[in-house]
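Close look at the chain arrangement
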Amino acid sequence: MAKQLAEYIWFNGKIVPWKEATVHVMTHAIHYGSSVFEGIRAYNTPDKGTCVFRLNEHNRRLFDSAKIYRMTIPYSLEEINQATVDIIRENNLKSAYIRPIAFYGDIGMGLQVPFGTETEVTIAAFEWGAYLGEEALKNGVDAGISSWNRLAANTMPTGAKAGGNYLSSQLISMEARRHGYGEGIALDRNGFISEGAGENIFIIRNGVVSTTPKTAAILPGITRDTVITLLKEMGYEIREENIAREAMYLADEVFMCGTAAEVTPVRSVDGIQVGSGSRGPITKQVQDMFFGLFNGSTPDKWNWLTPVYK
Ligand code: PMP
């Protein structure tokens, strides 16, 4: 039994007690990694109470991931959006990490899934603090470049947030922890920076901000898109371009971002200090503007917040 993190889970259209949201050991997704999922956060804001951040974009990506794998999710995007809000409310959560997942269940052991086979869908919501730790948000993480590359183009699509892809992320983060780093960063098959185990990467030098392009074996993060939007708002130039490993060593600032990791400074890469070795000024500005969306200091002019409790 998975550790109980909340009271209820949304499971195939019904809200059920945590303990009852179970599947059989012969579940297709367990054997073959045939699932697609999302990670979403909800924050407790002063004006609108608990709000889901970029709800529609996340669940839209869930459907995009399913489309790549020709999976049929037997619900509409609107229904999944509603269910996401409902499960936060049912659990009476103020802030939450939300995990929608669509997967092939008890459909037999054939690899070849008959076209049109419907997935099962579940949405869990529970409380979850800073993924890389509160300390890291302030002082930064020590990151190491992984000996594992991200998936090569046309092997497995990194643009899909699919269960199976996370074996790659696990190798990268396990190796990083074993070497004493807070997080691992992988190169793509061309040797350019790709992304962290669960985060996109930004580097800054002389006030110019760069991030790795969508063709560098990344999952194009919604936080990445948020950060690009906020930086443009602040008047910075952003380049989406290939980044060489040594550019991280020579950067004034490096930070990583993702739904779980939020915006986390990187203070060293491969044991080489980045800039001053602490959170840089532009990283701090991005963090302030990002967290400002949830504490009320950044106006939500993009309509990114969906209130949970009306
Ligand atoms: N890359 C990978 C491999 C991830 O798992 C994540 C987290 N979902 C990200 C990037 C960041 O994506 P997002 O900002 O949409 O959470």
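Position numbers for residues start from 1 in each chain and track the written sequence from start to end. Thresholds applied to this predicted model are a pLDDT of at least 70 for local features of residues and 80 or more for the giving and counting of side-chain atom pairs; totals over whole chains, interfaces and linings are not thresholded and use all residues. Processing note: side-chain calculations cover all non-hydrogen atoms of the structure and skip hydrogens and water entirely.

**A look at the overall build of the protein chain**
Short version of the rule: Think of it this way: any DSSP run of H or I at least four residues long counts as a helix, any run of E at least two long counts as a strand, and we number them from the N terminus. Taken over C-alpha atoms, the radius of gyration is set against a globule rule of 2.2 Å times the number of residues to the power 0.38. Residue burial is assigned from relative accessible area. The probe radius is 1.4 Å, only protein chains are included, and a residue is buried under 20% of its type maximum, exposed over 50%, and partly exposed in between. His is not counted here, nor are the chain ends, while Lys and Arg score as positive and Asp and Glu score as negative. For this purpose, a charge sits on NZ of Lys, CZ of Arg, CG of Asp or CD of Glu.
Within the protein chain, the secondary structure is distributed over eight helices and 17 strands. Since a compact globule built from 310 residues should have a radius of gyration of about 19 Å, the 19 Å found for the protein chain is in line with a globular shape. The dimensions of the protein chain, computed from C-alpha atoms along their principal axes, are 55 × 45 × 30 Å. Buried residues in the protein chain amount to 50% of all 310 residues. Positive and negative charge centroids in the protein chain, built from 30 and 34 side chains respectively, lie 1 Å apart.

**Examining the pattern of salt bridges**
Where side chains of opposite charge bring their charged atoms close, a pairing between them can arise. Definition in use: We define a salt bridge as a side-chain nitrogen of Lys or Arg found within 4 Å of a carboxyl oxygen belonging to Asp or Glu.
Applying the stated criterion across every chain yields a total of 13 salt bridges. One salt bridge in this structure joins arginine 41 and glutamate 262, with 3.8 Å as the shortest N-O distance. In this pair, arginine 41 sits in strand 4 (residues 40-45) while glutamate 262 sits in strand 15 (residues 262-269), placing the two residues 221 residues apart along the sequence. This pair shows no difference in class: arginine 41 is buried, exactly as glutamate 262 is. Between arginine 54 and aspartate 225 there is a salt bridge; the shortest N-O distance is 2.9 Å. Pair noted here: arginine 54 is in the loop between strand 5 (49-53) and helix 2 (55-68) and aspartate 225 is in helix 6 (residues 222-233), with a separation of 171 residues, a long-range link. A relative accessible area of 7% means that arginine 54 is categorised as buried. Accessibility expressed as a relative area gives 34% for aspartate 225, which makes it partly exposed.

**So, the site of the ligand**
Heads up, the condition is: Think of it this way: one heavy atom of a residue within 4 Å of a molecule or strand is enough to make that residue near it. We call two N or O atoms a polar contact when they sit within 3.5 Å, provided that within protein one can donate a hydrogen and the other can accept it, with sequence-adjacent residues counted only if both atoms are side-chain atoms. In this description, accessible areas are obtained by the Shrake-Rupley approach with a 1.4 Å probe, and a residue is regarded as covered only by the protein chains that are shown. In this count, Pro and Cys sit with the nonpolar residues alongside Ala, Val, Leu, Ile, Met, Phe, Trp and Tyr, while Asp, Glu, Lys and Arg are called charged and the others, Gly among them, polar.
Near the ligand, the surroundings consist of 16 residues, among which Lys161, Tyr166, Glu195, Thr223 and Thr259 are the closest. Between the ligand and the protein, one listed contact pairs an oxygen atom with a side-chain N or O atom of arginine 61 at 2.8 Å. Here an oxygen atom of the ligand and a backbone polar atom of isoleucine 222 are 2.7 Å apart. When the free accessible area of the ligand is taken as 390 Å², the share hidden by the protein chains comes to 95%. Broken down by secondary-structure element, the contributors of at least two residues to the shell around the ligand are helix 2 and helix 6. By residue class, the composition of the shell around the ligand is four nonpolar, seven polar and five charged.

**A look at helix 6**
Applicable threshold: By definition here, a helix of n residues has an expected span of 1.5 Å times n minus one.
In a regular helix each residue adds 1.5 Å, so 12 residues correspond to 16 Å; helix 6 covers 17 Å between its end C-alpha atoms and thus fits that length. Among the residues of helix 6, those classed as buried are Ile222, Thr223, Arg224, Thr226, Val227, Ile228, Leu230 and Leu231. One or two steps after helix 6, the chain reaches glycine 235, where phi turns positive at roughly 95 degrees.

**Points about the domain arrangement of the protein chain**
For clarity, the threshold we go by: Domain boundaries shown here were taken from an automatic or database domain assignment. Between two residues, a contact is recorded if the distance between any of their heavy atoms is within 4.5 Å. Accessible area, probed at 1.4 Å, shrinks when two parts are joined; the buried area is that loss added up over both.
Splitting the protein chain by domain gives domain 1 (8-126) and domain 2 (134-295). Using only C-alpha atoms to locate each centre, domain 1 and domain 2 end up separated by 26 Å. Each partner contributes to the interface: domain 1 provides 21 residues, whereas domain 2 provides 23 residues. Buried area between domain 1 and domain 2, summed over both chains or domains, comes out near 1800 Å², and the portion from carbon and sulfur atoms is 62%. For domain 1, the biggest contributors to the area lost against domain 2 are Phe37, Tyr43 and Arg61; these three give 31% of the whole. Taken together, the connections running from domain 1 to domain 2 amount to two salt bridges. Our count for the contact surface shared by domain 1 and domain 2 stands at 12 residue pairs in polar contact (both at pLDDT 80 or more). When residues of the side of domain 1 that touches domain 2 are traced back to their parent elements, those giving at least two are strand 3 (35-37), strand 4 and helix 2. For the side of domain 1 that touches domain 2, the per-class residue count stands at nine nonpolar, seven polar and five charged.

**Notes on the environment of alanine 216**
Its place among the elements puts alanine 216 in the loop between strand 12 (208-211) and helix 6. The buried category is assigned to alanine 216, whose relative accessible area is 0%. Sequence separation between alanine 216 and threonine 158 is 58 residues; the distance between their C-alpha atoms is 9.2 Å.

**Describing unusual backbone geometry**
Look at arginine 70: it is not a glycine, yet its phi comes out positive at around 55 degrees. With respect to the helices and strands, arginine 70 occurs in the loop between helix 2 and helix 3 (77-90). Of note, the phi angle at asparagine 303 is positive, near 60 degrees, even though the residue is not glycine. With respect to the secondary-structure elements, asparagine 303 resides in the loop between helix 8 (281-295) and strand 17 (305-307).

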